[in-house]
Amino acid sequence: MSYRYLLLGLLLLGFRAEAQEDPEKPSPYDSAHFDLFHPVPRNRLRPLRPDRPGVTESPFTVDAGHFQVEMDGLRLINSRDDDQRSREFKAAYSNLKLGLSRRTDIQLEVPLYKISKDRTVGESDWERHTGFGDMALRVKHNFLGDDQDGPVATSIVGYVRFPTGGQTGSGAAEYGLIVPVNIELPHKFNLDFQLESDLEYDREISRRYVQLMPSIALDHEFTDVFSFLVEGVTQWDTKHDGWRTSVNVAPIFTINENLQLDFGAHFALKRETDREFFIGFSFRR
């Protein structure tokens, strides 16, 4: 009888030692038990997937307890609307993000400096305004694929923009809802598309208007460092007739797992569409 107990004890010790030597490894993206005050360990962070550089945003959120900044270092925008011409120069326009939970982050758009110039066709003098832009508070919640355990990811982004820009801003609060979707394709291609709906304000006519902006983007990772984005964006609103469309391109450089640089341009396909040129970066801490 004593030999049976001894044999049983040895077997139990063997199973226990095996379990200790080969513990079940958690998924590197399993952040369910992390939150703002219990950050995801840095060795288990998901890949950096910022909203920039395209109009089409990423459905992926910032890991819980971590901070991310996405900044337009410089952006130049040329616009025309009937007989009006306008130019905007933006510097250090930042989107500050903080991961709240496994699938939710909160974002604050901080437009540090803006120069806006307007004139009517036939006039030589520009009306010029400079200063701080309109701040926006945004919340993103991912419904599918945030842990990148499948080829499809989607989320919803809601925002409110506050009239903090004075003469350089819109003049009233604005609201919007964005639904981005990402599809991972073979051979390091990614397809993104989104639908955005905004309630904007026109200070010239002191009236709100609705804007719809669908977009689609395709990017390819040529190397671990270099990627390239091609994007189509079209807009419709209750102020204009028809759709205004542009094709956007942006080279992307991944410096390391926490830093990405980019620059690009928006090429207008209609005269009324904005033309844009920009350079910026994304950094995660």
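This text goes with the structure placed above it.
Computed from a prediction, not measured in an experiment: that's the story for all the values here. (Residues numbered from 1 in each chain as written. Predicted model: local features only at pLDDT ≥ 70, side-chain atom pairs only at ≥ 80, totals over all residues. Heavy atoms only, no water.)

A closer look at the pattern of salt bridges
Oppositely charged side chains may form a pair once their charged atoms are brought near each other. Our working rule: Salt bridge criterion: a side-chain nitrogen from Lys or Arg within 4 Å of a carboxyl oxygen from Asp or Glu. Think of it this way: any DSSP run of H or I at least four residues long counts as a helix, any run of E at least two long counts as a strand, and we number them from the N terminus. Residue burial is assigned from relative accessible area. The probe radius is 1.4 Å, only protein chains are included, and a residue is buried under 20% of its type maximum, exposed over 50%, and partly exposed in between.
Taken as a whole and judged by the stated rule, the model has 21 salt bridges. We note a salt bridge from Arg 284 to Asp 63, for which the minimum N-O separation is 3.9 Å. Taken as a pair, Arg 284 in strand S13 (residues 275–284) and Asp 63 in the loop between helix H1 (2–21) and strand S1 (67–81) lie far apart in primary sequence, 221 residues in all. By the burial criterion, Arg 284 is buried, and Asp 63 matches it. Notably, a salt bridge pairs Arg 102 with Asp 147, separated by 2.2 Å at the nearest N-O pair. Placement of the pair is Arg 102 in the loop between strand S2 (84–99) and strand S3 (104–120) and Asp 147 in the loop between strand S5 (136–144) and strand S6 (152–161), with a sequence separation of 45 residues. Under the relative-accessibility criterion, Arg 102 is labelled partly exposed at 24%. Residue class for Asp 147 comes out buried when judged on its relative accessible area of 6%. Salt bridges sharing partners connect three or more residues here, namely Asp 51, Glu 57, Glu 70, Lys 97, Glu 109, Arg 138, Lys 140, Arg 161 and Glu 174.

Describing the side chain of His 66
With respect to the element layout, His 66 can be found in the loop between H1 and S1. Assessed through its relative accessible area of 6%, His 66 is described here as buried.

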